Amino acid sequence: MPHRDVVVVGGGVLGMLTARMLAMAGCSVHLLEQGVRGRQASWAGGGILSPLYPWRYPAAVSALARRSQSLHPPLAAALQAETGHDSEWLGSGLLVLDDTELAAARGWADQWQTRLQPLDQRAINQIQPGLKPAEHALWLPEIAQLRNPRFLAALSASIDQLGINTVEQAEVTGFEHSGQRLTGVVTRSGDRFHADQFVLATGAWSGQLSAEVGGTPLPVRPVRGQMLLFQARPGLLQRIVLHGERYLIPRKDGRILCGSTLEEVGFDLATTQTARRALEASALEILPALADYPVIRHWAGLRPGSPDGTPFIGRHPARENLYVNAGQYRNGLVLAPGSCELLVDLMLHRSPKLDPTPYAPPA
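The structure presented is a predicted model; accordingly, all values stated were derived computationally and were not measured.

Novice: Please set out the overall build of the protein chain residue by residue, giving values where relevant.
Specialist: If you tally the helices and strands in the protein chain, you get nine helices and 17 strands. In terms of C-alpha radius of gyration, the protein chain reaches 20 Å, essentially the compact-globule figure of 21 Å for 363 residues. Expressed along its principal axes, the backbone C-alpha trace of the protein chain runs to roughly 65 × 40 × 40 Å. For the protein chain, the proportion of contacts with a sequence separation of at least 24, taken over those separated by at least 6, is 73%. Here the protein chain has roughly 14400 Å² of accessible surface; of this, 50% comes from carbon and sulfur atoms.

This is the structure in structure tokens:
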């Protein structure tokens with residue numbers, strides 16, 4: 001493969017993992033992040049390695065999720081071997097306290113060869129005692145989780161070890177081009193970075209920044225999500241539990257996350273007391289014993305919302321050497337390995353593992 005210089009714009013999970021894969025393929029990579037790498041939506045989410053209610057998503061999301069789920073365990077193991085950071089991959093399973101969508105769920109499970117089991121109240125109590133009374137539930141035992149801040153720490157350490165040049169506080173504000181090719185990116189401080197290829201992986205900011213490139217801007221918008229963290233005891237909750245639009249995620253040390261809101265408020269990262277009260281009420285409804293444990297953190301993140309949750313992965317139609325990896329919406333961590341693998345295969349002209357057509361950025 002001829003030597004390539006690549007500039008990756010965006011230091012979240014997608015940008016860092018793209019940079020890692022490119023560097024491992026022999027590219028010289030520069031990673032630019034407008035703030036601190038790994039501190040936006042990648043850090044703020046919950047780490048569930050599955051879309052919530054996965055049968056509600058388009059087939060393209062399910063295909064990418066399935067591919068990514070097969071890549072996550074070896075990736076976590078490789079990062080730990082490289083860096084010593086444990087991402088806490090954990091096969092918690094997912095318990096959905098609702099069976100009103102059983103027919104759709106069964107069809108999805110059959111298509112994607114995923115285990116799905118309807119449960120009655122007795123079986124629910126055996127799998128996870130102490131939950132709110134529920135006559136029926138759906139159990140997906142294969143669903144796992146990562147502790148996303150620790151996964152991001154491992155990924156950060158890995159790209160440092162690979163010698164990837166990372167520049168933080170480097171907000172890209174403009175692009176230089178010659179004909180249909182980009183020649184460089186310009187940061188707010190006036191610095192210029194030149195390369196053979198460029199990647200736009202800027203999360204919720206991708207729509208805004210892509211408008212500067214030319215062509216059709218990416219239909220990606222910020223969607224705020226607020227989360228709570230409870231300091232509970234180890235073993236109180238052992239399964240990921242989903243009820244309505246709320247979920248609880250248990251960590252190995254006993255902490256329990258509750259998420260999340262969906263708010264169209266632009267780029268506002270503020271937390272609100274209204275959301276805190278709603279999340280806490282949902283958490284106590286799902287697991288009443290949480291009333292005995294304090295909330296120790298409350299934060300917000302901005303998801304990169306896309307029209308139907310299908311991300312944009314591939315070459316930007318307006319610039320022949322610009323590639324896009326954005327719009328994973330609520331599933332950035334879930335879809336990251338498959339998304340980055342697909343993008344790097346396209347950039348390096350390798351045969352992709354998935355059909356890239358459904359993910360092509362709009363012309």
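Novice: Quick rundown of the side chain of Ser339? Include the residues and the values.
Specialist: Note on placement: Ser339 falls in helix α9 (residues 332-347). A distance of 3.2 Å separates polar atoms of two side chains, one belonging to Ser339 and the other to Gln328. If near-sequence neighbours (up to four positions away) are discounted, Ser339 is found in contact with Leu14, Leu64, Ser68, Ile313, Asn325 and Gln328.

Novice: Explain the state of the cysteines to me, and be specific about the residues and the numbers.
Specialist: Working definition: the covalent bond between the sulfur atoms of two cysteines is a disulfide. Scanning the model with the defined rule gives zero disulfides in all. With no disulfide of its own, Cys27 lies 14 Å from the sulfur of Cys340, the closest cysteine sulfur.

Novice: Let's hear about α9: which residues, and what values?
Specialist: Side chains of residues three or four places apart in an α-helix project in the same direction, reflecting 3.6 residues per turn. Of all bends in α9, the biggest is about 35°, found at Gly338. Taking burial as the measure, the 16 residues of α9 include 15 buried ones, the bulk of the element. Backbone geometry just downstream of α9 places His349 in the positive-phi region, at approximately 60°.

Novice: Could you give an account of the sheet that holds strand β9 (residues 192-194), naming the residues involved and the relevant values?
Specialist: Strand order in the open sheet formed by three strands is β7-β8-β9, with antiparallel pairing between adjacent strands. Two strands close off the open sheet at either side, each with one partner strand: β7 (172-178) and β9. The mean angle between the axes of side-by-side strands here comes to 25°, regardless of whether they run parallel or antiparallel. Pairing between strand β8 (residues 181-187) and β9: three bridges, direction antiparallel. Residue pairing across strands places Val186 opposite Arg192, the latter belonging to β9.

About the criteria used
- Residues numbered from 1 in each chain as written.
- Predicted model: local features only at pLDDT ≥ 70, side-chain atom pairs only at ≥ 80, totals over all residues.
- Heavy atoms only, no water.
- Helix = DSSP H or I, 4+ residues; strand = E, 2+ residues; numbered from the N terminus.
- Rg over C-alpha atoms; globule rule 2.2 N^0.38 Å.
- Contact = heavy atoms within 4.5 Å.
- Areas by Shrake-Rupley, 256 points an atom, 1.4 Å probe, with all protein chains shown as cover.
- Polar contact = N/O pair within 3.5 Å; in protein donor to acceptor, adjacent residues only side chain to side chain.
- Disulfide = S-S within 2.5 Å.
- Bend = angle between axes of the 7 residues up to and from the residue.
- Buried < 20%, exposed > 50% of the residue type's maximum accessible area, 1.4 Å probe, protein only.
- Pairing = 2+ DSSP bridges.
- Axes fitted to C-alpha atoms, helices over the stretch in contact; angles between N-to-C directions.

In short, the description is geometric, and any link to function would need to be established separately.
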